Amino acid sequence: LNRAGIPVVIIPGNHDDPRRWRAVEPLLRRCRVTVVPEVRRPPECIVSLKGKDGTPLQIAAIPWISERRWTTTEQLMGLEGDPQQRYAERMRALLH
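Worth saying up front: this structure is predicted, and the values here are computed from it rather than measured.

Caption draft 1: Structural context of the nonpolar core. If you look at the biggest cluster of nonpolar residues, it comprises five residues: Ile65, Trp70, Tyr87, Met91 and Leu94. What Tyr87 contacts, discounting residues up to four positions off in sequence, is Ile65, Ser66, Glu67 and Trp70.

Caption draft 2: The arrangement of helix α1 (residues 18–30) in detail. Compared with the 18 Å implied by 1.5 Å per residue over 13 residues, the 19 Å span of α1 between its first and last C-alpha is a close match. Val24 marks the point of greatest bend in α1, at about 45°, and the proline Pro26 comes within the next four residues. The backbone nitrogen of Arg19 lies 2.9 Å from a side-chain oxygen of the residue at the head of α1, namely Asp17. Count one or two residues on from α1 and you reach Arg32, which has phi positive near 65°.

Caption draft 3: Just helix α4 (residues 83–95), in detail. In this model, α4 (13 residues) spans 18 Å end to end at C-alpha, consistent with the 18 Å of a helix rising 1.5 Å per residue. Regarding α4, the residues found buried are Pro83, Tyr87, Met91 and Leu94. Each buried residue of α4 sits inside an arc of 70° when the element is viewed along its axis, so together they form one side. On its buried face, α4 is in contact with α2 (67–70) and α3 (73–76).

Caption draft 4: Expanded view of the pattern of salt bridges. Summed over the entire model, instances satisfying the criterion amount to four salt bridges. Two residues, Arg19 and Asp17, come together in a salt bridge whose shortest N-O distance is 2.9 Å. Assessed through its relative accessible area of 60%, Arg19 is described here as exposed. Salt-bridge contacts for Glu38 lead to Arg22; the nearest nitrogen and oxygen are separated by 3.2 Å. With a gap of 16 residues between them, Glu38 in the loop between β2 (33–35) and β3 (46–50) and Arg22 in helix α1 connect regions that are remote in the sequence. A residue is classified by how much of its surface remains accessible, and Glu38, at 25% relative accessible area, is partly exposed. Where salt bridges share partners, they join Arg22, Glu38 and Arg40 into one cluster.

Basis of the calculations
Residues numbered from 1 in each chain as written. Predicted model: local features only at pLDDT ≥ 70, side-chain atom pairs only at ≥ 80, totals over all residues. Heavy atoms only, no water. Core = buried A, V, L, I, M, F, W, Y, C linked by side-chain atoms within 4.5 Å. Buried < 20%, exposed > 50% of the residue type's maximum accessible area, 1.4 Å probe, protein only. Contact = heavy atoms within 4.5 Å. Helix = DSSP H or I, 4+ residues; strand = E, 2+ residues; numbered from the N terminus. Expected span 1.5 Å × (residues − 1). Bend = angle between axes of the 7 residues up to and from the residue. Polar contact = N/O pair within 3.5 Å; in protein donor to acceptor, adjacent residues only side chain to side chain. Arc of directions from axis to C-beta. Salt bridge = Lys/Arg side-chain N within 4 Å of Asp/Glu carboxyl O.

Worth remembering: the numbers are spatial, not functional.
The structure is reproduced here in structure tokens:
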């Protein structure tokens, strides 16, 4: 992809350990791969790149955020409040 001029951005998924991606970030940077290993608030989460044809691109790189990070056990078990609503509220607050 690097030789072809195609930009690459990596963000951790729900089974990835952000610390591992942070550890290999310097190596991948040498190959022109952008790694966003942890959650960043705007504008730090915006990755600006150029496409193969030079077109400016902007990507909101937001790694997976586990529901457990923002909800209690009681909420996840349905004993208190709506866990999806709490998750949506926290995501909204993060991005604004």
